[in-house]
Amino acid sequence: MNILVPGCGGFIGSHFVERMLARDGVTIVGWDAETSKISHLLDHPRLVLRQRLLKGPSAYEAFAADVENCDWLVNLAAICNPSQYNTEPLRTIYANFIDGYPIVELASQYKKPLIHYSTSEVYGRTLASYVSSEVYAAEDLYLMDAERTPMVMGPIQNQRWTYATAKQLLERLIYAYHKESGLDFAVIRPFNFFGPRMDYLPGIEGEGKPRVLAMFIAAVLQGRPMLLVDGGRAKRTITSIHDAIDALVAVIERREQSLNHFYNIGNPANEVSMRELAQAVRSAFARVTGEPRFLDHPTLDVDARAFYGDGYEDCDRRILDISAEQARLAWTPKRSLEQLLDETVGYYWQKYGERSRLRATG
Ligand SMILES: NC(=O)c1ccc[n+]([C@@H]2O[C@H](COP(=O)([O-])OP(=O)(O)OC[C@H]3O[C@@H](n4cnc5c(N)ncnc54)[C@H](O)[C@@H]3O)[C@@H](O)[C@H]2O)c1
């Protein structure tokens, strides 16, 4: 089996490529300019790496030949850093819609099944967030079902929604190609995948504002307070990267049942507010290191607009219905929040714990 993977060098790509190369008979042809997360795989005889971005006519010409030769196209290429959605909206729209357009066209032209990574952000805010508190708890107003729930974005000036709308339009393009040209597809909407190699740790591995867990872990390692945007009220469901990869593998293995559907991939059992997540991170550090000092690690409340800039707006909650996914994929997420935090914190502690230890001992 030959799998073509644009964005192979990112967080999800690194785990997917690692998992698939462990199987006999699988070849991965990966496209990405970034390779640090797959450095341990670069010498693998069944990994063919095109170390460049898919951008511009010459890249797409070379890519077309790879599409023609593949059995599956798994598209992971994107810009998906929340702090860029409102600060670099043009780049966000280009990377998540315009750069993705030719990938969809080529999959359709060569009749190759396309597994496309979208986002749980396509739902926008919950319907419940617009109604009075008495009806807020009605399940229909907040539970996200991949083929039933409407998508509710904020106004255009709130540029945070550039990412979600670009991703949504690409989903609509894929569906249109399916209906008009017979493209076979699976669209995956990730709900906060966490694990080793996620994003980058700001102040240690790069600069900027990655997703929340990377922010929290970097803060703890560097002795800074964990910042709680708007008091850490927003709720998210957290998913182990290994459960997420299990779902992707199931899409490939159960082709007859899996194709031509949209998938929520996440773990509804792991729903937490960001304040609760900060507490869970403290506990994970204490468990992993055996050092109780982490239980008192401080947090600091910050205003969302001050933190993310103008045009930011948050989603109140993202809780998913996965009953259809469980049935079609014969898949169920298994890792608890505690397990996945221990694994992730343990990974970063092994890499960077010495800095924290030196600071603590002065
Ligand atoms: N990780 C999550 O929890 C999560 C949540 C929601 C959505 N997603 C989606 O899943 C996909 C993968 O996410 P990730 O967490 O691995 O992100 P990531 O940023 O770690 O990886 C994306 C990779 O795509 C590459 N890339 C960007 N533009 C490219 C191009 N033109 N050609 C080739 N490569 C390109 C980047 O260099 C990067 O290595 C993205 O579509 C993202 O929007 C992920």
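Here, every reference points to the structure presented above.
Every value quoted in this text rests on a predicted model; they were computed, and no experiment measured them.

1. Examining the site of the ligand
Working step 1: The full set close to the ligand counts 23 residues, and Phe11, Asp32, Leu54, Tyr163 and Lys167 are the nearest of them.
Working step 2: Within the backbone of Tyr117, a nitrogen or oxygen atom sits 3.4 Å from an oxygen atom of the ligand.
Working step 3: One nitrogen or oxygen atom from the side chain of Arg211 is found 3.0 Å from an oxygen atom belonging to the ligand.
Working step 4: Taken by itself the ligand offers 820 Å² of open surface, and the protein chains cover 89% of this.
Working step 5: If you list the elements that add at least two residues to the shell around the ligand, you get α1 (11-21) and α6 (161-181).

2. Section: the pattern of salt bridges
Working step 1: Scanning the entire structure with this criterion turns up 23 salt bridges.
Working step 2: Between Glu88 and Arg91 there is a salt bridge, with its nearest N and O atoms 3.2 Å apart.
Working step 3: When the shortest N-O distance is used, the salt bridge between Glu121 and Arg160 registers 2.2 Å. Taken as a pair, Glu121 in the loop between β5 (114-117) and β6 (143-144) and Arg160 in the loop between β6 and α6 lie far apart in primary sequence, 39 residues in all.
Working step 4: A relative accessible area of 8% means that Glu121 is categorised as buried.
Working step 5: If you follow the salt bridges from partner to partner, you end up with Glu121, Arg160, Arg236, Asp314 and Arg318 in one network.

3. Some details on the pairing of β5
Working step 1: Of the two faces of β5, the one carrying Leu114 and His116 and the one carrying Ile115 and Tyr117 are both buried.
Working step 2: Bridge analysis of β5 against strand β7 (residues 185-190) gives four bridges, and the strand direction is parallel. Following the sheet pairing, Ile115 is matched in β7 by Ala186.

4. Concerning the nonpolar core
Working step 1: Residues Ile3, Phe63 and Ile115 are the most contacted members of the largest nonpolar core, which totals 101 residues.
Working step 2: Counting residues per element, this core draws most heavily on helix α8 (residues 241-253), at nine residues.
Working step 3: Aside from chain neighbours lying at most four places away, what touches Ile115 is Trp72, Leu73, Val74, Asn75, Ala186, Ile188, Leu248, Val251 and Ile252.
Working step 4: Ranked by size, the runner-up nonpolar core spans six residues in total, among them Val229, Phe307, Tyr308 and Tyr312.

Conventions used here
- Residues numbered from 1 in each chain as written.
- Predicted model: local features only at pLDDT ≥ 70, side-chain atom pairs only at ≥ 80, totals over all residues.
- Heavy atoms only, no water.
- Near = heavy atom within 4 Å.
- Polar contact = N/O pair within 3.5 Å; in protein donor to acceptor, adjacent residues only side chain to side chain.
- Areas by Shrake-Rupley, 256 points an atom, 1.4 Å probe, with all protein chains shown as cover.
- Helix = DSSP H or I, 4+ residues; strand = E, 2+ residues; numbered from the N terminus.
- Salt bridge = Lys/Arg side-chain N within 4 Å of Asp/Glu carboxyl O.
- Buried < 20%, exposed > 50% of the residue type's maximum accessible area, 1.4 Å probe, protein only.
- Pairing = 2+ DSSP bridges.
- Core = buried A, V, L, I, M, F, W, Y, C linked by side-chain atoms within 4.5 Å.
- Contact = heavy atoms within 4.5 Å.

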